[in-house]
Amino acid sequence: MITAEKHPLDNCQLFVQLKKIFHDNNEQAKCLKDMIYWSGNDEHIEKICDQVTDLLEEHDLIIQPPDTMDPFAMNQLRGLLVYLVLNTAHDYFLCKSQWSANVMHLCNQLPPIPLFLTIAIAVNCCLMEPLEEFLACGPRWLTIQYFEAFNEALSVINSDCVETLPLLSAALRAAGRAIVNCNLPAENKQLLRQIACMEHRHILDSKQRLHTLPRPSTRKIYLAKAMDHLIEVLLYTLNDPLKREKPNCFAVYSQITEDISDSNSSDPMPDLRHFAQILLDVLQRIFQLVSVDTYMYWHEMKSKSALYNCQELICRQTAELLKVLQSDKLLGEHPVCKQMQSFADAAKTLEQRVAEMRMGELLVFLDSGMATDEELLAGLDNLFSRFIAFGNDECVETMANHLIMLTKKHAQIILSFLGQVVESEMVVEDEGISVTEVNQGDDEDETSSNDDYEELLSLVLRPLFMQLNVEDKMEVLLLRDEQNVTQGFNFKAPDHRERRIRFFNQLDYNKRFPITKFLVLCFENARQTWIDFSHLGVTHTRFSKLFWHIAQSCPKHAAFHISACADNILVNEQLLQKPYALQFTLYLYGHRQILNGLYTSARQLCVSLKDGRCPYGEDELRQAQNRFLDACAYGLAKFIEPMNLPSLQLILKLLKQISLGESNLITRGTAELNALEKEHPKLENGDDAPAVKVAKHYTYLNASLPEWRLKHWKLISHVMKTIDALRWDLATFEDFRVDNLELAVWYWQDGLSHLTFLGTECRQRILNQVNSLKHKGFWLIYLKEDTLKDTRSFLKLLTQSSAQEANDLFNKLLKKRADCAVMGDLSDAVVKVNSESAFMAFRFLFREYLIAFRSHAKHNKTITKRQHWDHLMAVVAKAPFSIRNEIMKLASKAFAVRFGINIQEQQAAKC
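None of these values were measured; they are calculated from a predicted model.

S.K.: Before we move on, could you go through the overall build of the protein and cite the residues and values that matter?
M.R.: Within the protein, the regular secondary structure consists of 45 helices and two strands. Here the C-alpha atoms of the protein give a radius of gyration of 45 Å, more than 25% beyond the 29 Å that 2.2 N^0.38 yields for 911 residues. Over its C-alpha atoms, taken along the principal directions, the protein stretches across nearly 150 × 65 × 60 Å. Residues classed as buried in the protein amount to 51% of the 911 residues present. In the protein, once contacts between residues fewer than 6 apart in sequence are set aside, the share between residues at least 24 apart is 74%.

Here it is in structure tokens:
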């Protein structure tokens, strides 16, 4: 509606001043309504046009010399044209009209203006663009009068046939769009007659009329210009005419009056073809006038395109037009198509043309400011294809000058090139240390940067990345990861660290995640940005969920950096003690499955047995697992030396959870595979359905995780060293230490059944490792024949064992009936050490003895309960005197009721 464009139709100061100009001329110079013809009034028309131009310059609506028109200024010029149209003396006999109520306030403010004066002002006062819009969008009863007046006035406006061609093109373009915007079949016939008349009158399309031009060179120039303008009008009119939306200014012009829009036809193509055929007829007659001499002359002529000479431009335009015509059955049969074919065959595409240019010529062309957007894009694509340009300051400056034209594709070209640079530089390693290994040091270390491409990164790639949308940013980051570009180039801004810290300090999981800022930080240092994000993930479950939500929105990029998060957390004492550290690090272990689509629903694990958001193969999965297990090994090595038991405990718990998690993953995956096989039966040839094949592949990969883990030598080695370091004696016993030992031994024994699959070489490595350990006893039991020969061997192992190991030893002692002797020796050793840790150790071992004794008593039916009780009391009697009563209470509490023994009666009898 016109109310949406109310501002240009305000009765503003510009209109007041314009009103004064016309009233002064009407009263002081010549009555405007008496001006019937243009001829004879030339000086007066010129004077008015000069006054209007001065007024527009005063209001900064037109600039001399002309520059790009400001949108606000163009809107004001549209309002000015409507103001003139509303005060122009129109032919009311053709169609009586009522002006719309929205514009009534602007009517009758000027003396009645002759129609040709309005056209003269439009042409001479920079209102030609609004006039073309008005002819294309205005009510037809009104615009047809302007087409007719324009036809009459064209030769008077400018007597130069060449200079009138742009004005004629504008009218033709407007006519073509008018048929689409306001498709009124009856009125279209009148418009088409007017267009045919206009072309016949003003285009020199015969030899006789062409020779009215004085010189042969002028005639050749005219033919080139006429052909150029006609082809452009046809291309503008026929290129997707129905897909283009009406312009925003349509409401300003279309609702000046109460229009008869109800008579619009739904299909403008019949009249549009008729319009095109009128132009093609003229174009055919012009083609017939082009001689070989004229064609060769065009080769030396400059064109409006900085890329093509006149001959090349016409050939290219002809090829484009021929393609459009041949897409329409009726227009493709026009005789001019055959004439155009030879021109089209000689056409050079934009890509071919820019490929012919030397580097210097290409840079001049791109920086000339004369190229169209299409030509600029072709030139930039070619410049980016010449890799030598990336290290050249002038080329980089040209790229930077055209950032607005650059897209994700150009960023990817740069990264692919930089990836090749990194690859070539990493072929030769310096003294056996690769760039990758060097950069695995401090997280904040600067990566090596190639100075030859510093400006390319700072002036082109960085600002180009900033202007991309979120999805394109993610794709660019992924390509950079895949090309290993960060191994050789530094992308950080000077204040990156401060901005990164501030970003995560201010991050609120209750608010919308600032994904754009996050991706910018990733562009500068993706590894450290993801690491910092993971630091939040271990603190709270909501931050953990946010972490995985963002990771799943860019899964392939995240997959490159999540292993670094595990590397960082598993050697960080403070992070390992955060409340959500265990669960979060467990997720990091399974990040490949999570990013591919693993999720839980109603506490039920759902395994993705298909290529989801982040597909992976055996290499990717095994590499991710290896790096995580390496991190676990590094963590064990770091914390075992200072005996940092809390940190060790979390890593050992994590290893236990990994083992249990793998088992759950395999179980659920197998169940889902079985369901999938029922859903997708085998094919006729007996093969599995494609979905089942993929599912079996992922099931196989998941089932391989335990085997790969148990063969991971670095972790095996450090678990063995950890167990050895956690072994205790009577002087060093403490509950927390034994708890950690229990976890470490559980992890080792969980894989013990798989030792037979490790192979001879791996078993030998374990034996060699055992020889370097301090406590060899249990390893020899695991790896060799039973080495327990006497009570001394049992006692030695008991005083360094975990709970489960102690329980196993006591079971063997009970079977050998040597438990009483060993407990006596243990008591003597405790008394000899006489320390709190020694007494704590005895309590611990006695509790494990009770567990073993309960099992022994339950299964040994040949001995009475009383005999079992007496045996237990004999063992209790061996306990150190200072804690014997405490030991007695433990035994009584566990077995008195079970064996039907009344402790009080027994004590009274004993007294």
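That was the structure; now back to the text.
S.K.: Account for the side chain of Ser647, naming residues and giving values.
M.R.: You can see Ser647 is positioned in helix α33 (residues 645-679). We classify Ser647 as buried; its relative accessible area is 0%.

S.K.: Residue-level account of the layout of surface pockets, with values.
M.R.: Estimated volume of the second largest pocket: approximately 830 Å³. The wall of the second largest pocket is formed by 30 residues, among which Tyr587, Ile594, Leu598, Thr600 and Leu605 lie closest to the centre. Mapped by element, the contributors of at least two residues to the lining of the second largest pocket are α26 (541-553), α30 (581-589), α31 (591-596), β1 (599-601), α32 (618-640) and α33. It is α33 that provides the largest number of residues to the lining of the second largest pocket, a total of seven residues. Considering only residue class, the lining of the second largest pocket consists of 15 nonpolar, twelve polar and three charged.

S.K.: Can you explain the environment of Leu280? Please cite residues and give values.
M.R.: Position of Leu280 relative to the elements: it lies in helix α12 (residues 269-287). Note: C-alpha distance between Leu280 and Ser327 (47 residues apart in sequence) is 15 Å. Those residues in contact with Leu280, other than ones at most four positions away along the chain, are Leu234, Leu325, Leu331, His334 and Val336.

S.K.: Requested: an account of the packing of helix α10 (residues 216-238) against helix α14 (residues 310-326), with residues and values cited.
M.R.: At a minimum axis distance of 10 Å, the contact between α10 and α14 shows a crossing angle of 30 degrees. Between α10 and α14, the angle falls in the class roughly parallel. The two elements α10 and α14 cross, and the hand of that crossing is left-handed. Touching Ala224, Met227, Asp228, Ile231, Glu232, Leu234, Leu235 and Leu238 of α10 are Cys310, Leu313, Ile314, Gln317, Thr318, Glu320, Leu321, Val324 and Leu325, all from α14. Per-class residue counts for the contact of α10 with α14 are twelve nonpolar, two polar and three charged.

S.K.: Just give me the short version of the pattern of salt bridges, but keep the residues and values in it.
M.R.: Inspection of every chain in the model, using the stated rule, returns 34 salt bridges. With a shortest N-O distance of 3.6 Å, Glu312 and Arg353 are connected by a salt bridge. Of this pair, Glu312 sits in helix α14 while Arg353 sits in helix α16 (residues 350-355); the two residues are 41 residues apart in sequence, bridging distant segments of the chain. Residue classification places Glu312 among the buried residues on the basis of a relative accessible area of 12%. When its relative accessible area of 17% is taken as the criterion, Arg353 is described as buried. Between Glu374 and Arg316 there is a salt bridge, and its shortest N-O distance comes to 3.1 Å. Residue Glu374 is located in helix α18 (residues 373-385), and its partner Arg316 is located in helix α14; the two are separated by 58 residues in the primary sequence. Overlapping salt bridges bring together Glu312, Lys348, Arg353 and Glu356 as one network.

S.K.: Quick rundown of helix α19 (residues 393-401)? Include the residues and the values.
M.R.: By the burial criterion, the buried members of α19 are Cys395, Val396, Thr398 and Met399. Here the buried residues of α19 occupy an arc of 160 degrees about the axis, which is enough to place them on one side. Exposed side chains of α19 directed beyond 90 degrees from the buried face belong to Asp393, Glu394 and Asn401. Lining the buried residues of α19 we find α17 (359-367), α18 and α22 (454-466). The opening residue of α19, the one whose side-chain oxygen lies 2.9 Å from the backbone nitrogen of Glu394, is Asn392.

S.K.: Which residues make up empty space enclosed by the protein, and what are the values?
M.R.: Per the counting criterion, the structure on display carries three cavities of 30 Å³ or more. Looking at the largest cavity, it is lined by eleven residues, and the ones nearest its centre are Leu710, Ile716, Tyr747, Trp748 and Gly751. With three residues, helix α35 (residues 713-726) is the largest single contributor of residues to the lining of the largest cavity. Split into classes, the residues belonging to the lining of the largest cavity amount to nine nonpolar, one polar and one charged.

S.K.: Can you explain the packing of α12 against helix α15 (residues 336-345)? Please cite residues and give values.
M.R.: As a packed pair, α12 and α15 sit with axes 9 Å apart at the nearest point and diverge in direction by 50 degrees. Here α15 runs oblique to α12, going by the angle between their axes. As for the relative orientation of α12 and α15, their crossing is left-handed in sense. Every residue of α15 that contacts α12 at Leu280, Leu283, Gln284 and Phe287 is listed here: Val336, Gln339, Met340 and Phe343.

S.K.: Describe the packing of aromatic side chains, listing the residues and the values that go with them.
M.R.: Following the criterion strictly, the structure yields 42 aromatic pairs and no others. Between the aromatic rings of Phe547 and Phe584, the centroid separation amounts to 5.1 Å while the plane-to-plane angle is 75 degrees, which identifies the pairing as edge-to-face. Taken together, the residues Phe547 in helix α26 and Phe584 in helix α30 connect sequence positions 37 residues apart. Phe547 gets classed as buried once you look at its relative accessible area, which sits at 0%. Over the ring of Phe465 we find Lys473; its NZ or CZ atom is 5.5 Å from the centre of that ring. The ring of Phe491 is capped by Arg480, whose NZ or CZ atom sits 4.6 Å from the centre of that ring.

S.K.: Help me get a handle on the environment of Val52, residues and values and all.
M.R.: Of note, Val52 is situated in helix α2 (residues 42-58). Val52 sits in the buried class, given a relative accessible area of 1%. Residues Val52 and Gln17, spaced 35 residues apart in sequence, show a C-alpha to C-alpha distance of 9.4 Å. What Val52 contacts, discounting residues up to four positions off in sequence, is Leu18, Ile21, Ile121 and Cys125.

S.K.: Explain the nonpolar core residue by residue, including any values.
M.R.: Residues Leu418, Phe518, Trp530, Phe533, Leu588, Phe628 and Phe846 are the most contacted members of the largest nonpolar core, which totals 184 residues. Ignoring any residue separated from it by four or fewer positions in sequence, one finds Trp530 in contact with Phe518, Cys522, Phe547, Ile550, Ala551, Cys554, His557, Ala558, His561 and Cys565. Formed by 123 residues, the second largest nonpolar core is a distinct cluster that contains Leu77, Tyr83, Leu117 and Cys337.

S.K.: Hey, could you go over unusual backbone geometry for me, with residue numbers and the actual values?
M.R.: Of note in this structure, Asn108 is not a glycine but carries a positive phi near 60 degrees. Following the sequence through the fold, Asn108 ends up in the loop between α3 (71-86) and α4 (115-124). Looking at Asn108, the relative accessible area reads 73%, which means it is exposed. The backbone of Asp240 sits at a positive phi, close to 45 degrees, despite the residue not being glycine. By secondary structure assignment, the location of Asp240 is in the loop between α10 and α11 (250-254).

S.K.: Before we move on, could you go through a negative patch on the surface and cite the residues and values that matter?
M.R.: Residues Asp367, Asp393, Glu394, Glu397, Glu425, Asp451, Asp452, Glu454 and Glu455 make up a contiguous surface patch of negative charge. Counting residues per element, the ones that place at least two in the negative patch are α19 and α22. Among the elements that take part in the negative patch, α19 stands out by supplying three residues, more than any other. Along the chain, the position of Asp367 falls in helix α17.

Criteria and thresholds
- Residues numbered from 1 in each chain as written.
- Predicted model: local features only at pLDDT ≥ 70, side-chain atom pairs only at ≥ 80, totals over all residues.
- Heavy atoms only, no water.
- Helix = DSSP H or I, 4+ residues; strand = E, 2+ residues; numbered from the N terminus.
- Rg over C-alpha atoms; globule rule 2.2 N^0.38 Å.
- Buried < 20%, exposed > 50% of the residue type's maximum accessible area, 1.4 Å probe, protein only.
- Contact = heavy atoms within 4.5 Å.
- 1 Å grid on protein atoms, 1.4 Å probe; cavity = no way out; pocket = protein on both sides within 12 Å on 5 of 7 lines; lining within 4 Å.
- Points joined across faces, edges and corners; volume = space filled by probe spheres on them.
- Nonpolar A, V, L, I, M, F, W, Y, C, P; charged D, E, K, R; others polar.
- Axes fitted to C-alpha atoms, helices over the stretch in contact; angles between N-to-C directions.
- Parallel < 35°, antiparallel > 145°, perpendicular 65-115°, else oblique.
- Left-handed = near helix turned anticlockwise from the far one by under 90°.
- Salt bridge = Lys/Arg side-chain N within 4 Å of Asp/Glu carboxyl O.
- Arc of directions from axis to C-beta.
- Polar contact = N/O pair within 3.5 Å; in protein donor to acceptor, adjacent residues only side chain to side chain.
- Phe/Tyr/Trp six-rings, centres within 6.5 Å; stacked < 30°, edge-to-face > 60°.
- Lys NZ or Arg CZ within 6 Å of the ring centre and 35° of its normal.
- Core = buried A, V, L, I, M, F, W, Y, C linked by side-chain atoms within 4.5 Å.
- Patch = residues over 30% accessible without salt bridge, like charges linked within 9 Å, V, L, I, M, F, W, Y side chains within 5 Å.
- Areas by Shrake-Rupley, 256 points an atom, 1.4 Å probe, with all protein chains shown as cover.
- Lys, Arg positive; Asp, Glu negative; His and termini not counted.
- Charge placed at Lys NZ, Arg CZ, Asp CG, Glu CD.

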